[in-house]
Amino acid sequence: MKHFLDIHKTAATDLRAMIGTARAMKTARNGRPKGAPDDDQPLAGRMVALIFEKPSTRTRVSFDVGVRQMGGQTMVLSGKEMQLGHGETIADTARVLSRYVDLIMIRTFEEQTLLEMAEHATVPVINGLTNRTHPCQIMADIMTYEEHRGPIAGKKVVWCGDGNNDCASFLHAAGQFGFDVTFTGPETLDPEAAFVAEARAKGATITIDRDPHRAVEGADLVVTDTWVSMHDPESAKERRHNQLRPYQVNEALMAKAKPDALFMHCLPAHRNDEATSAVMDGPHSVIFDEAENRLHAQKAIMRWSLGL
Ligand code: CP
C-alpha cells in the first residue's frame, strides 16, 4: 500500500522520481486544452474520492482535473455531508470507501484522522492537508523551484512568518531533497521542534533567526503563508497580525535575498498582510506556477500511489 501521507515518510528516491514524472507529464501535455485527456490514460476505469473537511480551491480543482486528464473519475465529498461528520468512525468510513473507489485523497483537521483513514483503507490514501502538514503543496513547490532555477539541493530557503503546516512540509523536504531552511518568525510560532530535529538529523542545516532582514540575506527562495490558518481561532487574528507584521515579505525584505531569488506563497493570500502585492506580482514571484504545478505534481503522486 503506497499511501502518500508526508514527505518525510516517503523514500527520497520515490520523491525525486515523482518530480521527474510530474515534469515529463507537464511537458507531454504541450499546451493542449485543460480538459483534453493525456495521451497516457493510466487512471482509465478508476474512481478517486476527494474528501474535504476544510475549504479548498487549488487542491479540489487540481486533483479533480488531474484525475480526469489521466482518464479517471472523481467523487468530491464534503466531510459534513458524509456520515463521517455525523458519528461514523473513520475506520468504518475507510473500509466502506475502499469497496467503491481506487484512491482516497483527504483534507482534514487532525493528523490522526488521516492516519486512521490510511490504517483502515485498503486503497492508497493521499494527504491533501492536515493542521500539521501539506506535502502535496511542497512537492509542487520543489517542482516549481527546479523548473526556474535547477536543482534545489544546497540552496537556502527562508520561511517568513508562521511555522505552520506548509512550513513543516518544507522542513521535511529539506531533509529529503538536501536544501537548507532558515525560519524567521516569532518564537511562539516556531515550527515543531521534532520536525526541525528530523531535518537536521538528515543533514539539512536548519537555522532560526528572529531578525527577518538578516535571515533573508543570501536566500535563493523566500516563502511565506497566511498569518491565520484555517484551523486557527478567529480570536487569534489580531494577536497574530501584531506578532507577524515585522515578518511581512515586502520589496525591502526581498532586496536582501540573492538577485535571482524566487518568491513563493501557496495561496490563498491576504495581500498586503504576509506579502505585499508588489512582491506577489513582482519579478521574483512564481506563485501562479506553484498553483499550476499542484496539478502536475499530484498527478505524479497519484500514479506513484497506484503503481501506474
Ligand atoms: N494551497 C492550497 O492548498 O490551496 P487551497 O486551500 O485552495 O486548496
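Presented here is a report on the structure given in the accompanying data block.

What counts and how
Residues numbered from 1 in each chain as written. Predicted model: local features only at pLDDT ≥ 70, side-chain atom pairs only at ≥ 80, totals over all residues. Heavy atoms only, no water. Near = heavy atom within 4 Å. Polar contact = N/O pair within 3.5 Å; in protein donor to acceptor, adjacent residues only side chain to side chain. Areas by Shrake-Rupley, 256 points an atom, 1.4 Å probe, with all protein chains shown as cover. Nonpolar A, V, L, I, M, F, W, Y, C, P; charged D, E, K, R; others polar. Salt bridge = Lys/Arg side-chain N within 4 Å of Asp/Glu carboxyl O. Helix = DSSP H or I, 4+ residues; strand = E, 2+ residues; numbered from the N terminus. Buried < 20%, exposed > 50% of the residue type's maximum accessible area, 1.4 Å probe, protein only. Contact = heavy atoms within 4.5 Å. Axes fitted to C-alpha atoms, helices over the stretch in contact; angles between N-to-C directions. Parallel < 35°, antiparallel > 145°, perpendicular 65-115°, else oblique. Left-handed = near helix turned anticlockwise from the far one by under 90°. Pairing = 2+ DSSP bridges.

1. With respect to the site of the ligand
Here's step 1: The ligand sits among Ser 56, Thr 57, Arg 58, Thr 59, Arg 107, His 134, Gln 137, Cys 266, Leu 267 and Arg 294.
Here's step 2: Within the contact set of the ligand, an oxygen atom lies 2.7 Å away from a side-chain nitrogen or oxygen of Thr 59.
Here's step 3: The contact in question runs from an oxygen atom of the ligand to an N or O atom on the side chain of His 134, over 2.9 Å.
Here's step 4: When the ligand is considered free in solution it has 260 Å² of accessible area, and contact with the protein chains removes 96% of it.
Here's step 5: Grouping the constituent residues of the shell around the ligand by class yields two nonpolar, five polar and three charged.

2. Considering the pattern of salt bridges
Here's step 1: This model, assessed by the stated rule, comprises 19 salt bridges.
Here's step 2: Asp 273 is the partner of Arg 245 in a salt bridge, and the nearest nitrogen-oxygen pair spans 3.9 Å. Placement of the pair is Arg 245 in the loop between helix 9 (237-244) and helix 10 (251-254) and Asp 273 in the loop between strand 9 (262-265) and helix 11 (277-280), with a sequence separation of 28 residues.
Here's step 3: Accessibility expressed as a relative area gives 40% for Arg 245, which makes it partly exposed.
Here's step 4: If you follow the salt bridges from partner to partner, you end up with Lys 26, Glu 147 and Glu 292 in one network.

3. A word on the side chain of Glu 111
Here's step 1: Structurally, Glu 111 is set in helix 4 (residues 111-120).
Here's step 2: For Glu 111, a relative accessible area of 15% puts it in the buried group.
Here's step 3: Every residue in contact with Glu 111, bar those within four places of it in the chain, is listed here: Asp 6, Lys 9, Thr 130 and Arg 132.

4. Comments concerning the packing of helix 3 (residues 90-100) against helix 4
For any two helices packed against each other, the geometry comes down to the angle between their axes and how far apart the axes lie.
Here's step 1: Between helix 3 and helix 4, the least distance of the axes is 8 Å, while the angle of their chain directions is 45°. On the basis of the axis angle, helix 3 is oblique to helix 4. In the crossing of helix 3 with helix 4, the sense of the turn from one axis to the other is right-handed. Touching Ile 90, Ala 91, Thr 93, Ala 94 and Arg 95 of helix 3 are Thr 113, Glu 116, Met 117 and His 120, all from helix 4.
Here's step 2: When grouped by side-chain class, the residues that make up the contact of helix 3 with helix 4 number four nonpolar, three polar and two charged.

5. Here we look at the pairing of strand 9
Here's step 1: Neither face of strand 9 is open: one carries Leu 262 and Met 264, the other Phe 263 and His 265, and all of them are buried.
Here's step 2: Alignment of strand 8 (residues 221-224) against strand 9, held across four bridges, turns out to be parallel. Paired with Leu 221 across the two strands is Leu 262, which belongs to strand 9.

6. Some points on the environment of Phe 109
Here's step 1: In this structure, Phe 109 sits in the loop between strand 3 (103-107) and helix 4.
Here's step 2: A relative accessible area of 34% places Phe 109 in the partly exposed class.
Here's step 3: Each C-alpha atom of the pair Phe 109 and Ile 126 lies 14 Å from the other, and the pair is 17 residues apart in sequence.
Here's step 4: The contacts of Phe 109, once residues within four sequence positions are left out, are Glu 53, Lys 54, Thr 130, Asn 131 and His 231.

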